[in-house]
Every structure is written in structure tokens, then in C-alpha cells.
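One-letter residues, chain by chain:
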Amino acid sequence: MKLPYAEPYKIKMVETIKRSTVEQRKKWIKEAHYNLFNLSSDKVYIDLLTDSGTGAMSDKQWGALMEGDESYAGSQSFLKLKEVVNKITGFKFFLPTHQGRAAENVLFSVLVKEGDIVPGNSHFDTTKGHIEFRKATALDCTIDEAFDTENLHPFKGNIDIDKLQKVIDKNPIEKIPFVIITITNNSSGGQPVSMENIKAVSKLCRSYKIPVLFDSARFAENAYFIKIRENGYQNKTIKEIAKELFSYGDGMTMSSKKDGLVNMGGFIALNDEEVYKKATVFNIMFEGFITYGGMSGRDMAALAVGLDEATEFEYLESRIRQVTHLGNKLIEFGVPVQHPIGGHAIFIDANKFVPTIPRDEYRAQALAIELYIVGGIRGVEIGTVLADRDPFTRKNRYPELELVRLAIPRRTYTHNHMEYIAAALKNIFDSRSEAKSGYTIIDEAPIMRHFTVKFEKI
Ligand code: F0G
């Protein structure tokens, strides 16, 4: 018998999670005004709200934590982290920040001015937020294949080069401070960007002297997909692939809460000394001195180890295999999901799952609530609720896709948890024709409503 795949780790510490009944969950979600963000974590059995800062650290990371150097200036943990970042990315200059959006805030304070245009594959919400906050425009040049959840394109995170060329042709070059490539592309389903696409973007941008930045939150998962899906990379290590990928860019922002394998942290790395010097001023103002930037010495020490672990094939293989296993199970049950299965999450296509619920009754939100009631599983709506209202007409904006994201925390849940999630979704799917109505909003904030919005059941 061929031996099955099994995880390359064993568990040293466990955390109890609370079970509950369907009746209890019906009561709790009603009390939370049908907003999953309002649930306290003890009312959630499997928490798939995000893969950000929710993973488990290794014994080596916990060991490193004890050796953290908490010096305000010149911390040894900073120097060690700087060395690791340089080894993995090749970028010369490094600034720690407290998380990814803080890195965006610091770097964009230097680079983005009113009236600028920043093209990219698909900007993450905070990236878009930090661009729009500066009265500039974030332009998504996503390839069209990304909007068809059944299309099997292996690199649905790619930038559409023609769309990018058009943006460059239509605007003065000095209005485009940089192009940002998000690896992997969270908004389109944790989908990777190919090395070929990165090279093509880089070549085009370099011919116009436009810098290329990476939003690198899940860069190691992206490198894994390049290794297994792109010709010519099968025999390269993840670290070699990551180094090559970064060599086509000029800098990066990082949310270390994802592929840094830590619970909190971020950083900026870049090659341009002038930009670095300007960024240090904003770092000191917003984050802290340049050798800690909002991070404890111990957290920098754990991050240095985490970055090294996250760029090892063995770790990535078990990580992506777990997400793929859940995805394949759902496909087997007929549940409509974004294909191919991405790196950090499963994206369920609510338009196909519950077309019987009217769109203005928030069908993806209704599905996320049902998953909580049935299984105690907390996912997140990525649809009309998140897309918010048009700032001028105040009408709901209906995005191309209505999705429920199930983000899988790293090294946290077991194979059995994946089976449980798949079974809960199968049960909902089998009775989907009974779902006829959704929810109505009774209270919402003027922007970023999804965090605090209150619903009523129709
Ligand atoms: N970029 C991407 C691609 C992200 O997914 C995130 C966060 C950030 C930047 C911001 O980083 O949270 O450290 O400030 N994504 C989380 C998520 C919140 O759930 O997808 P941060």
C-alpha cells in the first residue's frame, strides 16, 4: 500500500476550543446582529475569519523569543532579522513596522501624492485604503480569467499586461509612482502570480523607469506555486525562487502575520537609499525607532526564524496540501468554489451556491451565517457587504463575485477539522434550495461598514 501524505510536524502544545450546539449558535449570532465580527472567539469552534496572525509558531520560534533583545536602539534581534530579510529578498534596506498596513502607511507617505495612479493586480483593502486616503487612485489590472471561478488558469493572480500598458499610455509617467504586485493575490482568491508575469511587468515598468513593489504578505506561498506549476522551477528551492522574484522589483511591503509565521509584525525592504532615508522619518513618527518600528525585540527574533521556516518546501507543502485537501473535498461534494484552489483560503462562490437568495439580501453573508449556525465555523463575506456603498449615490455596489472566504490559519487545525468543515458545507449545500431569503441592514458605518454592520433576518 502506498503510504499517504502526513504532516512534517507533531504537536507540542494544545489549546482547547469550545463546542456548542446549533440552538446556542442561533441565539449568539442573533445577539451579534448577524455580524460574525461581533462574536467572541469562545463562541466559535473553527475560526476561519483570517489566516493573518492566527497561526502556530514552532518550538524554534518560541525558543528564539526568549533570546529577544529589547534594546531601544541597535537591538541584536533587529540585526538578525535584517540579515534574514536581506538573505531571502536581496533588498538592501530594511525597516520594521508593527504590521502590513503600517508598512504601507510609512512607504506610501514617501511615494504617493494627490492625483497619483497606482496600478496593480488587485490591491488589498488596506493597500487601496492607504492610496485613496492620499487622494490617489488604485487601479486593478486583474486578468479577466480571475473573475470566472471555474477557469483553471494556474496563475490567476497575474497582472494583465495590456491593461497595464493602457494605464501607462493614458497617464503622465510622473503620475505613476510605482506598480504594486500582490503575491499571492488575496482579493482574487489567494491566486499566485507567475514568474513570467512578474518578469514581464518588471521589463515594461523598467522601460518607463516606474518602480515595481511587491505586497508580499504571502510571497512564500506564491513561490511554492511557481515551483510546482511553472516550467523551469521544479528543481529550484523556494528560497532561490523568492530571491529571483524579488530581483525583478525595487521594494516590498510585508505583513509578517502571514508568511512570517508570527502573530504580529510587518516590514518594508527596498533598494533605493533616498526612499529609505525618507521612509525612516515616517517610521520614527508612526511606528517607533528604526531598529524596532513597533515590534518587540522578541517578536523580531521569532520573525527571523519564521521567515526561514516559511520558505522551506516541507512546510509549504503541508500548508498548501491542507488547503487543497479541503478544496478538493468541497469540489467532490459539488460545492462551487474558486478554481484552482489558492494558497491560504477557500473561496465559496455564493452566486452559484445560493442564487435563490436575492442579491440585495446579502447572499454571501447569509451563507457565512448558515455555516456558523450549522458548524460553529466562522468565515468571512467578501461580497456586497464588504464592497460597501458608492460614496456619491449611497447605493450598494455589487461586485463581480459574491464570495465566502474560509482562510486557513497556518499549522493550527488538523486534517479532521478540514473533514468537519467540508461535511458542514455539504449539509448546507444539500438543502440549499430551501434558502429563499437573506438579511437586511439595520445599522451601518459610513465607510468600512462590514466590521460593525448590524443585520436583521428577513
Ligand atoms: N496585504 C495583503 C495582501 C493582505 O492580505 C493584508 C492583510 C495586508 C496587506 C495588510 O496586512 O493585516 O498586517 O496590516 N490581510 C488580512 C486578511 C487582514 O484577512 O486577508 P496587516
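Residues numbered from 1 in each chain as written. Predicted model: local features only at pLDDT ≥ 70, side-chain atom pairs only at ≥ 80, totals over all residues. Heavy atoms only, no water.

**Re the packing of helix H7 (residues 195-207) against helix H9 (residues 238-247)**
Helix packing for two helices is described by the angle between their axes and how far apart those axes are.
Part 1: In the contact formed by H7 and H9, the axes pass within 9 Å of each other and the chain directions differ by 25°. Here H7 lies roughly parallel to H9, going by the angle between them. Only Ile241, Glu244, Leu245 and Ser247 of H9 make contact with H7, whose side of the interface consists of Met195, Ile198, Lys199 and Arg206.
Part 2: For the contact of H7 with H9, the residue count by class is four nonpolar, one polar and three charged. (Axes fitted to C-alpha atoms, helices over the stretch in contact; angles between N-to-C directions. Helix = DSSP H or I, 4+ residues; strand = E, 2+ residues; numbered from the N terminus. Parallel < 35°, antiparallel > 145°, perpendicular 65-115°, else oblique. Contact = heavy atoms within 4.5 Å. Nonpolar A, V, L, I, M, F, W, Y, C, P; charged D, E, K, R; others polar.)

**Regarding the side chain of serine 256**
Part 1: The topology assignment puts serine 256 in the loop between strand S7 (251-255) and strand S8 (266-270).
Part 2: Once residues within four sequence positions are removed from consideration, serine 256 is found in contact with Leu261, Val262, Gly265, Gly266, Phe267 and Leu303.

**Observations regarding the nonpolar core**
Part 1: One finds Ile181, Phe219, Phe246, Phe267 and Leu307 to be the most contacted residues of the largest nonpolar core, which totals 58 residues.
Part 2: Counting contributing residues per domain, this core is built from domain 1 (22-51 + 313-457) and domain 2 (59-310), each supplying no fewer than three.
Part 3: When sequence neighbours within four positions are dropped, the list of residues in contact with phenylalanine 219 reads Ile88, Ile183, Ala242, Phe246, Met254, Asp259, Leu307 and Thr311. (Core = buried A, V, L, I, M, F, W, Y, C linked by side-chain atoms within 4.5 Å. Buried < 20%, exposed > 50% of the residue type's maximum accessible area, 1.4 Å probe, protein only. Domains from an automatic or database assignment.)

**Quick word on the site of the ligand**
Part 1: Close contacts around the ligand come from 16 residues, with Thr50, Arg101, Asp215, Ser255 and Lys258 the closest.
Part 2: Contact between the ligand and serine 255: an oxygen atom at 2.7 Å from a side-chain N or O atom of the residue.
Part 3: Protein chains shield 93% of the accessible area of the ligand, which is 480 Å² for the free molecule.
Part 4: Top contributing element to the shell around the ligand by residue count: helix H4 (residues 100-111), with three residues.
Part 5: Classifying every residue of the shell around the ligand by side-chain character gives one nonpolar, eight polar and seven charged. (Near = heavy atom within 4 Å. Polar contact = N/O pair within 3.5 Å; in protein donor to acceptor, adjacent residues only side chain to side chain. Areas by Shrake-Rupley, 256 points an atom, 1.4 Å probe, with all protein chains shown as cover.)

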